Amino acid sequence: MGERARGHVPGGELIDLPFYQHDNKVTATREALNRDLPAIYEAWFLADETYVGVDILERTSRGHTVIEVKASNSRKPEHYRTRRSRCMCLRRAGLQIERAEVMHLNPECCFPI
């Protein structure tokens, strides 16, 4: 699912570390931010003793867009609560967030066959 979503925001770098290496993911994300990439996939941040992962962090002219990827066809209240809490944590970590989005990918879609 993540690979498919990354195709919609090309040119980024994947933070590809084991799920339990939170501190290393935060460090790798900070290094990727310094490289001025168009996007970072699976970016991680730490603020107020809370780790937060973001599916896609896209660089914009005025900051960043947070994109949360969901394998569903419909909006759900928890999608927006998740997005809001991640944005708050990223802002506390010092990142300028311009906007936040939820990307819905239909897991049953099989085009092209």
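These numbers come from a predicted model, not from an experiment.

Chemist: So what exactly am I meant to see when it comes to the pattern of salt bridges here?
Modeler: Side chains bearing opposite charge may pair, as long as their charged atoms lie close to each other. Under the counting rule described, the total for this entry stands at 6 salt bridges. Between Asp36 and Arg59 there is a salt bridge, with the nearest N and O atoms lying 3.3 Å from each other. On the criterion of sequence distance, the pair formed by Asp36 in the loop between helix H2 (22–34) and strand S2 (39–47) and Arg59 in strand S3 (residues 50–60) is long-range, its members being 23 residues apart. Arg59 gets classed as partly exposed once you look at its relative accessible area, which sits at 27%. One salt bridge connects Arg99 with Glu101, and the closest N-O pair in it is separated by 2.7 Å.

Chemist: Got a minute to help me understand unusual backbone geometry in this structure?
Modeler: Excluding glycine, residues mostly carry a negative phi; peptide bonds, for their part, are mostly trans. In the Ramachandran plot, Asp36 falls in the positive-phi region, its phi being about 60° despite a non-glycine side chain. What makes Asp36 exposed here is its relative accessible area of 56%.

Chemist: Whenever I open this one, the nonpolar core confuses me. Can you help?
Modeler: General note: in soluble globular proteins, nonpolar side chains tend to be found buried as a group. Membership of the largest hydrophobic core comes to 19 residues, with the highest contact counts inside it found for Ile40, Phe45, Leu57, Val66, Leu90 and Leu95. Listing elements by their share of this core, those giving two or more residues are H2, S2, S3 and helix H3 (77–92). Leu57 has contacts with Leu33, Pro38, Ala39, Ile40, Ala43, Phe45, His64, Thr65, Val66, Leu90 and Leu95, leaving out every residue within four places of it along the chain. Grouped together as the second largest cluster of nonpolar side chains are 7 residues, Val9, Ala39, Ile67 and Val69 included.

Chemist: Teacher, can you tell me more about the confidence of the model for the chain here?
Modeler: Detailed reading of predicted coordinates is not advised where the pLDDT is low. Model confidence for the chain is summarised by a mean pLDDT of 83, while 75% of its residues fall at 70 or above. Between the elements of the chain, mean pLDDT differs from a low of 68, seen in helix H1 (residues 2–6), to a high of 96, seen in H2.

Chemist: Would you mind going over the pairing of S2 with me for this structure?
Modeler: On any regular strand, side chains alternate: one points to one face of the sheet, the next to the other face. Most of S2 is tucked away, with 7 of its 9 residues classed as buried. Looking at chain direction, strand S1 (residues 13–14) and S2 are connected through 2 bridges and run parallel. The residue bridging Leu14 from the neighbouring strand is Tyr41, located in S2. Note on the crossover from S1 through H2 to S2: the handedness is right-handed. Hairpin connection of S2 to S3: 2 residues between the antiparallel strands, including Asp48 at a positive phi of 55°.

Calculation rules
- Residues numbered from 1 in each chain as written.
- Predicted model: local features only at pLDDT ≥ 70, side-chain atom pairs only at ≥ 80, totals over all residues.
- Heavy atoms only, no water.
- Salt bridge = Lys/Arg side-chain N within 4 Å of Asp/Glu carboxyl O.
- Helix = DSSP H or I, 4+ residues; strand = E, 2+ residues; numbered from the N terminus.
- Buried < 20%, exposed > 50% of the residue type's maximum accessible area, 1.4 Å probe, protein only.
- Core = buried A, V, L, I, M, F, W, Y, C linked by side-chain atoms within 4.5 Å.
- Contact = heavy atoms within 4.5 Å.
- pLDDT = per-residue confidence, 0-100.
- Pairing = 2+ DSSP bridges.
- Right-handed = clockwise from strand over helix to strand, strands pointing away.

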